[in-house]
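# Geometric and topological summary
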Amino acid sequence: MRLVSPWGVLLCATTTALPAAAAIDLGALARSRGGVLPRAVGAQASTIVELPPGAAAPPGFVRIGTTPSGTSLGVLDLGAERLFALATERPELALGWSPPLRLLLDRADGLTFASSFRNTTGLTGKGVVLGIVDTGLDPTHPDLKDASGRSRILWWLDFSRERTNHYPELEDELGCRADPNDTNGVPCAVLDADDVQTLLADDDPTNDPRDFGGHGTHVASLAGGTGAADSPPRYVGVAPGASYIVARVARKGGGIYDADVLKAAKFVFDRAEDLAMPAVVNLSLGSDFGGHDGTTPAELGLESLVGPAYPGRAIVVAAGNSAGLYDGVGTGVPNPLGVHTEVHVADGATALVPIITPPTSDGVTEGTVYVWLTLRAGDHLKLGVDDSRGAVVAPIAVGQESVVSRGRAEVTVINGVTNGGSPIPPGSFAAAVVIDGSWSSGEVFGLRLEGLASARIWLEGDGLLSPERSIGPLLPRAQKEGTVNVPASAPDLIAVGATVNRLDWPDYAGETVSLAGLGPPEDAPPDTPAYFSSAGPNALGALKPDLVAPGANVVGAMAADADPRGSGSGGLFDDMGLCGELGYAVDCFVVDDAHALTGGTSMSAPMVTGAIALLFERDPTLHQAEVKALLQAGARRLAGSGVPEQLGAGALDLDGTLQALDEGDLERTPGSGTELIVSESYAHPDPTWPLSGLLELRDDAGDIVDGFDASRLVLAAEGASTLEPLTRLAPGLWRFAVVAPRGSGGRTLALAVTFDGRVVAAKALPIAVDRADAASLPSARGGCALVPTRNGAPKGAWLAAVVALGVVRRRRSRRSWPH
């Protein structure tokens, strides 16, 4: 099914209540058994369980960790029928669901200074585990072997294989099913280093550990590749001396699920602990579906595996590729279009938020749209879904849910925390909508919001609406801020955004390929934020991403199965015809027989993962917060400008981190290199909604300033009160948080930092209820009438928007990894 123009046009106007359309309620049976489960996730066999303190674990419960409140987090591998039965039997259990995760898809060393760090310290990551939780890894690739030609893989966990019983205790602990026909279990197999070598040496290549999509191999090489495929080594990863523990979490069919990712991360840490080795887990995956505040079971589970109690452990997550904004597509709705927006609805008012889906050449749009709305305590939102014919689901109050059929589409609305089976964590203020099936490509759906609410909305598409297959579902008046993905939004995980690495490269045919004319990257020279790189803050106002690294147009190892010139057609490096359209050789993303180029925060995360491996080799007692602070303390300003909320503390700079590590005499005078970084571009008039930030103290040369009496440094906040005073995290790095009072909307918040009474950094921000108000944009009043049409944007406008996606067009990544 080929996606083409035109779009359905939406005419914005004041709306009145629309009559509910005749529909069949399909949710009664599900509700009677403990909750609504949309058919789009009904086949999912794994769920994350929150077990209250003192509660007995249900049979098959695989424990992951414990939250600070004492709740045990674990995984159950159950079919839908058994899941509903358990929800009825054990109402105290929180049984959630989520859509599949997405994969978040040389010269980088000159930007990260990794080789300089290695040359100065002699560190290579030796004795440290790189945990690659991804699509697998090509163990035959020269960049991923040691000097003797042996694979550097210590352990391999594979959710696409049935159990081997080589390690039955481990497979039992992971919940690997004993019977391939068991619907209440999942396939998984555990292999050690010798098992991997044995499979590679036999005469059956179809049974080898594989990476058909190529994503995991590329990621692994950026973290720790040796570059041995070339002589002399060319494409060297950050920690080439490290070892690998690999978890192939892509099941047969390609789906990647939170539950499997949690089990995989725990597997990496457990095996590394048995080997007495520190470990850093890389998660180049994520989703736009979730609270974006660290409260999803997956985020809590991951955070429970790291922290001060676990020295020598770290988890790095790709920030996401969801910040792209698109204008000029001619939909008739307010530009720009994107996956995230904010809507403030006044008490008694109504807003109708259109969901734009691309039409198709055969007139039928097919796929799944997941929608998440994060709300605030005190909001009283009624939520429904309309289409051009009227109400599909009439607005329902908090605590209610509904599943309605409209033709071949099923629409699910869950408003607030409901019974077992809800995706909304207990204690959260949120709502979710799922639109699944097929509908006329001229049709337009809209979210109807009634009552007082400040809603932050995110979209995610799956199936033919996934980012890998199309531009996906989009929202009007979208914004970059707040697009950091789940689980990167978790405060205690290290989230990494992407910068532009290069604008041209040599392909396998010896021709130089240039990105000139491909839209936004043309205006973004190297060492600027990648336009797609997700921006912070998270929904709690915490600074995200934590830092950035090269991610747009990065060369790394190409798995043999992912070579588009052979069996890898449709894989990570398949140009989908783009190279030919631009006048280059087919498959111009292939650099040579062993390497290829791609882009995304998937590629920036492993560079930070490798950097942490170097730090762990130097000091294996460091824990998650300490390595994050050291990397942020050493971060540098980018050469180019960009949206500040995409940058976090700045760009990975291992030379700067080395300065922070060595400390020494850092008592200098703060100067022009000092930077005040805030988590968002405006402050909320709400004392429960903080504006957080970092202070990076530097002298005029950009060197770290530290070692002075803290009383010499003062933060003043005019128009706000201090929630957290300046707190030192690492040499030259300080954290703070302020809040604006209720009723202060329309005023200005002014921050100033003085050193010995002299201002060394200052920043002023508007105080507003949402970004539109802060930017003096028209607010959402009234709404939109949803009007289908057969005549939308000109084809040229649509193609321009597609081309603007550049080489990451199909790899924006979500909960169902890239390929």
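Residues numbered from 1 in each chain as written. Predicted model: local features only at pLDDT ≥ 70, side-chain atom pairs only at ≥ 80, totals over all residues. Heavy atoms only, no water.

Attention now goes to the overall build of the protein chain. Of regular secondary structure, the protein chain possesses 15 helices and 39 strands. Carbon and sulfur atoms make up 52% of the accessible area of the protein chain, which totals about 27,100 Å². (Helix = DSSP H or I, 4+ residues; strand = E, 2+ residues; numbered from the N terminus. Areas by Shrake-Rupley, 256 points an atom, 1.4 Å probe, with all protein chains shown as cover.)

All right, on to the state of the cysteines then. Considering all chains together, one arrives at 2 disulfides under this definition. C176 shares a disulfide with C188; S-S distance 1.8 Å. Across the disulfide from C176 to C188, rotation about the S-S bond amounts to roughly -115°, and the bridge is consequently left-handed. Taken together, the residues span a long stretch of sequence, with C176 in the loop between α5 (168-173) and β10 (189-192) and C188 in the loop between α5 and β10 at a distance of 12 residues. Two residues share a disulfide in this structure: C579 and C588, whose sulfurs sit 2.0 Å from each other. Here the disulfide of C579 and C588 is left-handed, its torsion about the S-S bond being about -75°. Each member of the pair, C579 as well as C588, is classed as buried. Numbered by position along the chain, the disulfide-linked cysteines of the protein chain connect as 1-2, 3-4. (Disulfide = S-S within 2.5 Å. Buried < 20%, exposed > 50% of the residue type's maximum accessible area, 1.4 Å probe, protein only.)

The next thing to look at is the pattern of salt bridges. Tallied over the full model, the rule gives 28 salt bridges. For D561, the salt bridge goes to R210, with nearest N and O atoms at 2.6 Å. Pair noted here: D561 is in the loop between β29 (554-557) and α10 (578-581) and R210 is in the loop between α6 (193-201) and α7 (215-224), with a separation of 351 residues, a long-range link. A salt bridge links D270 to K266; the nearest nitrogen and oxygen atoms lie 2.8 Å apart. With D270 and K266 both in helix α8 (residues 258-274), this residue pair falls 4 residues apart, about one helical turn. D270 sits in the buried class, given a relative accessible area of 16%. (Salt bridge = Lys/Arg side-chain N within 4 Å of Asp/Glu carboxyl O.)

Quick look at the environment of Y370 now. Secondary-structure assignment places Y370 in strand β17 (residues 364-374). Each C-alpha atom of the pair Y370 and D462 lies 7.9 Å from the other, and the pair is 92 residues apart in sequence.

Its place among the elements puts I414 in strand β21 (residues 409-415). Separated by 16 residues in the primary sequence, I414 and A430 have C-alpha atoms spaced 8.8 Å apart.

The next thing to look at is the sheet that holds strand β19 (residues 390-396). Reading across from one edge, β16-β23-β18-β19 is the order of the 4 strands in this open sheet, with antiparallel pairing throughout. The sheet is open, and its two borders are formed by β16 (350-355) and β19, each paired with just one other strand. For this sheet, the mean angle separating the axes of adjacent strands, direction not counted, is 20°. (Pairing = 2+ DSSP bridges. Axes fitted to C-alpha atoms, helices over the stretch in contact; angles between N-to-C directions.)

Below, the discussion takes up unusual backbone geometry. A negative phi angle is the norm for most residues apart from glycine, just as the trans form is the norm for most peptide bonds. Cis geometry is found at the peptide bond from G536 to P537, where omega equals 5°. Looking at the secondary structure, you find P537 in the loop between β27 (512-514) and β28 (547-552). That bond from K544 to P545 is cis: its omega, -10°, falls within 30 degrees of zero. For P545, the position within the fold is in the loop between β27 and β28. A positive phi is found at A276, a non-glycine position, where the angle reads about 55°. Looking at the secondary structure, you find A276 in the loop between α8 and β12 (279-283).

For the rest of this paragraph, the subject is the pairing of β21. In terms of residue burial, β21 counts as a mostly covered element, since 7 of its 7 residues are buried. Burial along β21 is two-sided: the face carrying A409, V411, V413 and N415 and the face carrying E410, T412 and I414 are both buried. For strand β20 (residues 400-406) and β21, the ladder comprises 7 bridges, and the chain directions are antiparallel. Across the sheet, residue R406 finds its bridge partner in β21, namely A409. From the end of β20 to the start of β21, which pair antiparallel, there are 2 residues, and G407 there has a positive phi angle of about 65°. Two elements, β21 and strand β22 (residues 430-440), share 7 bridges in a ladder whose sense is antiparallel. Paired with V413 across the strands is V433, a residue of β22.

One open sheet accounts for 4 strands, arranged β32-β33-β36-β35; its pairing is antiparallel. Taken across any chain shown, the strands that pair with only one partner, and hence form the sheet edges, are β32 (675-678) and β35 (721-730). Going from strand to strand, the sheet's axes swing by 20° on average, the running direction of each strand aside. Alignment of strand β33 (residues 691-696) against strand β36 (residues 733-739), held across 6 bridges, turns out to be antiparallel. What sits directly across from L695, in β36, is W734. Relative to the sheet, helix α12 (residues 624-634) contacts β33, β35 and β36, its axis offset from that of β35 by approximately 90°. (Contact = heavy atoms within 4.5 Å.)

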